[in-house]
Amino acid sequence: MRYSQMLLPTTKETPSEAEVVSHQLLLRGGFIRKLTSGVYTYLPLGLAAIRKVGQIVREEMNRAGAQELLMPMVQPADLWRESGRWQKYGAELLRFTDRHERESCLGPTHEEVITDLARRELQSYRQLPMSLYQIQTKFRDEIRPRFGLMRGREFVMKDAYSFDVSDEAAGESYDKMYQAYHRIFRRCGLDFRAVEADTGTIGGSFSHEFMVLAQTGEDTLVICEQCSYAANVEKAMIVLPDECLETGELQAMRKVETPGMKKVEVVAEFLKAEPADFIKTMVFFVDEEVVAVLVRGDREVQPVKLKNLLHATEVELADDDAVFKKTKLPVGYLGPIDLPIKVVADQEVMRMRNCICGANEKQYHLTGVQPGRDFIPAMTGDLRQITADDSCPACAGPLKLTEGIEVGHIFKLGTAYSEAMNATFQDCEGQAKSFVMGCYGIGVSRVVAAAIEQNHDQHGIIFPLPLAPFQVILLNLGLNSEDITGAADQLYQDLQARGVEVLYDDRDERPGSKFKDADLIGIPFRVTVGKTYEKEGKIEIRNRLDGRTETVDFDLAADVVTGMVKTEMARYTA
RNA sequence: CGGGGCGUAGCGCAGCCUGGUUAGCGCGCCUGCCUUGGGAGCAGGAGGUCGUAGGUUCGAAUCCUACCGCCCCGACCA
């Protein structure tokens, strides 16, 4: 491609709306333009990068035995009513009514459509297993889209669905996808981890998220430094040490005056105790019900764990005003003893001795409280957020917390959708059975953003070669010289003839601009034809990543560059 | 939806508080000269319903009201 003919509008200045680096560089580099909130046009360069990801995904999906199809973006409400998600999905599902008053929605995901297809077209166990996928634009009406391609409302997603005869077979399909995902992200050149995850609104029994490690990530992960354990903090199980930590004599419960003190730290200082001696009582709205959650004073409640323990659909931390309005309880002085609402406790709380907690009476706390003796919660379980001080649930090794960008998510769905939608096949005994399903997503456009978050410097993007919209950028720095231009033109053709993807900068621009743009858009190899060619008949090849430059004879240039591209590409095989 | 901020040329911004001739600046764009290895220089030029509607006023980018859009924080979320 000749740069002079390409729509590639780079800018010097950073648009004010962009917060994170991938968003800034995608705008500055002329990859994307915003149409409206969370909705972007992919310019030629941006589309090229997305296609690169798409192609890798496609190859690995096919290798894993999945077949590509393409489903409609517009979906009828009736299908969503069958699965129950017309009610459950909430405002993120963009709904509308057509001229015939038929209710419809824009597809945020395609479980309903694919399950409908399966129940029509798959009748026999002989047709199974079956895996189908598509790469398509999805729409989710995010409350707050942000960070450019990282969290748009419209985005390109690969979604795959598997249908199996049994739970065991479905497990095999899941494993295949798990392997395929590893290959995909390895081939994309990303630093990533697969982590155990919560299943969210998609539902299902088991799931892994694929996380690109980057500081701008919206999720927090916990990773074991010793073994391969990794999990989203929403899910990360906490294993308490075997021995009881607290020793010493059991005290009797005592009421103490703590005027004007609500925060754990304040009361702790006043009573010369540690926050870890406290039982903190947090109030949540759990599907309209008011629930008190007990954790140790220095811990945080993990709402997703709470949601799962109580089998709730919605969990929200209640603010003080709301709590008081609803319960008339003395906010700030709450404690588990004689509390007139449902109380659930983190497992750790039950091991504490001689605790301090609110007295459910203004200006008073209790000391010497014994869980189990002085109160018994309705339910106990793992409810707190894991910390770096906890030990690995798998090997008891040390843990590390880190941020991640979710680029893929795979779910073992089971029969949730097939049962709801009556999607069955006949097994070998002629019995009707529900399909055992799995679903597998990759945020294709998000992968591009994540790759940039992970691979950039002060000058711009540094694409891993497999994702680069072009492999080589060829600079002609002598437009006025027939000699140089002739050589550059020739090299452009020679490279193309060798199958190298090359962007030929033949613009009438000064060298400085060309260098800056080349750095900004992140093409891995830069080839320069200029002064050095005129003087010595040599061209320069520079690696965007490390800045290393080689000078080679013009006659060898095409072969040397092609060789470098091939060698570099070979590093990314899965 | 709650809190905050912003809408002035393609982009980034000033002007608004304290209303008053032709609304500025930088980048980009067009023409010419000159220049050509890290976003050059000079000269000339094009480009604006000041987000929209209404109001106050002799007079509104500027003050008031409503609406629309965008960004940030929160809740929410693959």
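Our subject is the structure that appears above.
Calculation rules
- Residues numbered from 1 in each chain as written.
- Chains lettered and ligands numbered in written order.
- Predicted model: local features only at pLDDT ≥ 70, side-chain atom pairs only at ≥ 80, totals over all residues.
- Heavy atoms only, no water.
- Helix = DSSP H or I, 4+ residues; strand = E, 2+ residues; numbered from the N terminus.
- Contact = heavy atoms within 4.5 Å.
- Areas by Shrake-Rupley, 256 points an atom, 1.4 Å probe, with all protein chains shown as cover.
- Lys, Arg positive; Asp, Glu negative; His and termini not counted.
- Charge placed at Lys NZ, Arg CZ, Asp CG, Glu CD.
- Axes fitted to C-alpha atoms, helices over the stretch in contact; angles between N-to-C directions.
- Parallel < 35°, antiparallel > 145°, perpendicular 65-115°, else oblique.
- Left-handed = near helix turned anticlockwise from the far one by under 90°.
- Nonpolar A, V, L, I, M, F, W, Y, C, P; charged D, E, K, R; others polar.
- 1 Å grid on protein atoms, 1.4 Å probe; cavity = no way out; pocket = protein on both sides within 12 Å on 5 of 7 lines; lining within 4 Å.
- Points joined across faces, edges and corners; volume = space filled by probe spheres on them.
- Phe/Tyr/Trp six-rings, centres within 6.5 Å; stacked < 30°, edge-to-face > 60°.
- Buried < 20%, exposed > 50% of the residue type's maximum accessible area, 1.4 Å probe, protein only.
- Lys NZ or Arg CZ within 6 Å of the ring centre and 35° of its normal.
- Core = buried A, V, L, I, M, F, W, Y, C linked by side-chain atoms within 4.5 Å.
- Domains from an automatic or database assignment.
- Pairing = 2+ DSSP bridges.
- Salt bridge = Lys/Arg side-chain N within 4 Å of Asp/Glu carboxyl O.

Colleague: It is not clear to me how the overall build of chain A should be interpreted in this structure. Could you clarify?
Modeller: Each helix and strand in chain A was counted, giving 15 helices and 31 strands. Here the C-alpha coordinates of chain A stretch approximately 95 × 65 × 50 Å along the principal axes. When contacts within chain A are restricted to residue pairs at least 6 apart in sequence, long-range pairs at least 24 apart make up 69% of them. About 26700 Å² of surface is accessible on chain A, with carbon and sulfur atoms providing 47% of the total. Of the charged side chains in chain A, 68 are positive and 87 negative; the average position of the first set lies 2 Å away from that of the second.

Colleague: Help me out: how do you make sense of the packing of helix 2 (residues 44-63) against helix 11 (residues 444-454) in this one?
Modeller: The axes of two packed helices give the description: the angle between them and the distance between them. Helix 11 packs onto helix 2 with a crossing angle of 110° between their chain directions and a minimal axis gap of 9 Å. In this view, helix 2 runs roughly perpendicular relative to helix 11, as classed from their interaxial angle. For the pair helix 2 and helix 11, the crossing hand works out as right-handed. On helix 11, the residues that touch Ala49, Ile50, Val53 and Gly54 of helix 2 are Val444, Ser445, Val447 and Val448. Of the residues contributing to the contact of helix 2 with helix 11, the split by class is six nonpolar, two polar and no charged.

Colleague: Sorry if this is basic, but what is going on with empty space enclosed by the protein here?
Modeller: The tally for this structure, following the rule as stated, stands at two cavities of 30 Å³ or more. Roughly 50 Å³ of volume is contained in the largest cavity. If you go around the largest cavity, the residues you meet are Met150, Arg151, Gly217, Glu218, Asp219, Ile405, Glu406 and Arg446. Classifying every residue of the lining of the largest cavity gives two nonpolar, one polar and five charged. Lining the second largest cavity, in full, are Ile473, Ala518, Asp519, Ile523, Arg526, Arg542 and Arg544. Across the lining of the second largest cavity, the residue classes break down as three nonpolar, no polar and four charged.

Colleague: How should the packing of aromatic side chains be read in this particular structure?
Modeller: The geometry of an aromatic ring pair comes down to the distance between the two centres and the angle between the two planes. Enumeration according to the criterion identifies 13 aromatic pairs in this entry. Centre to centre, the rings of Phe31 and Phe463 are 5.8 Å apart; their planes meet at 55°, and the pair counts as tilted. Taken together, the positions of Phe31 in the loop between helix 1 (21-28) and strand 1 (32-36) and Phe463 in the loop between strand 26 (460-461) and strand 27 (472-476) put the pair 432 residues apart, joining distant regions of the chain. You can call Phe31 buried: its relative accessible area is 0%. For the pair Tyr181 and Phe185, a centre-to-centre distance of 6.0 Å together with 80° between the ring planes defines the contact as edge-to-face. Of this pair, Tyr181 and Phe185 both sit in helix 6 (residues 167-187), four residues apart, which is roughly one turn of that helix. Exposure remark for Phe185: the relative accessible area of 0% places this residue in the buried category. Among the aromatic side chains, those forming a connected cluster through ring pairs are Tyr178, Tyr181, Phe185, Phe192 and Phe210. Positioned above the aromatic ring of Tyr572 is the side chain of Arg571, whose terminal nitrogen or guanidinium carbon lies 5.4 Å from the ring centre.

Colleague: Can you walk me through the nonpolar core in this structure?
Modeller: Grouped burial of nonpolar side chains is what soluble globular proteins tend to show. Membership of the largest hydrophobic core comes to 65 residues, with the highest contact counts inside it found for Met61, Tyr181, Ile184, Phe185 and Val447. In terms of domain composition, this core takes at least three residues from each of domain 1 (15-188 + 418-453) and domain 3 (470-570). In contact with Phe185, not counting residues within four places along its chain, are Leu190, Phe192, Phe210, Val407, Gly408, Ile442 and Val447. Within the second largest apolar cluster, 26 residues are counted, among which are Met71, Trp80, Leu132 and Leu413.

Colleague: Would you explain the pairing of strand 8 (residues 154-164) in this entry?
Modeller: Moving residue by residue along a regular strand, the side chains alternate between the two faces of the sheet. Taking burial as the measure, the eleven residues of strand 8 include ten buried ones, the bulk of the element. Direction of pairing for strand 7 (residues 130-139) relative to strand 8: antiparallel, over a ladder of ten bridges. If you follow Lys138 over to strand 8, its bridge partner there is Phe155. With eight bridges connecting them, strand 8 and strand 24 (residues 436-443) associate as antiparallel partners. Directly across from Met157, in strand 24, lies its bridge partner Gly443.

Colleague: Honestly, the pattern of salt bridges in this entry has me stumped. Any pointers?
Modeller: When their charged atoms lie close together, side chains carrying opposite charge are able to pair. Applying the stated rule across the entire model yields 39 salt bridges. Where Glu60 meets Arg183, a salt bridge forms, and the shortest distance between an N and an O atom there is 2.8 Å. Of this pair, Glu60 sits in helix 2 while Arg183 sits in helix 6, placing them 123 residues apart in sequence. Taking relative accessible area as the criterion, Glu60 reaches 1% and is therefore assigned buried. Residue classification places Arg183 among the partly exposed residues on the basis of a relative accessible area of 24%. The partner of Lys433 in a salt bridge is Asp427, and the shortest N-O contact between them spans 3.6 Å. Residue classification places Lys433 among the partly exposed positions, given a relative accessible area of 40%. Within the structure, one salt-bridge network assembled from shared partners comprises Arg296, Asp298, Arg299, Glu348, Arg384 and Asp390.

Colleague: Any chance you could explain the layout of surface pockets here in plain terms?
Modeller: Summary: where empty space remains is shown by rolling a probe the size of a single water molecule over the atoms. In this structure, the second largest pocket spans a volume of roughly 540 Å³. Contributing to the lining of the second largest pocket are 23 residues, with Lys262, Lys280, Thr281, Met282 and Gly332 lying nearest its centre. With five residues, the top contributor of residues to the lining of the second largest pocket is strand 14 (residues 279-286). In the lining of the second largest pocket, the residues fall into 14 nonpolar, four polar and five charged.

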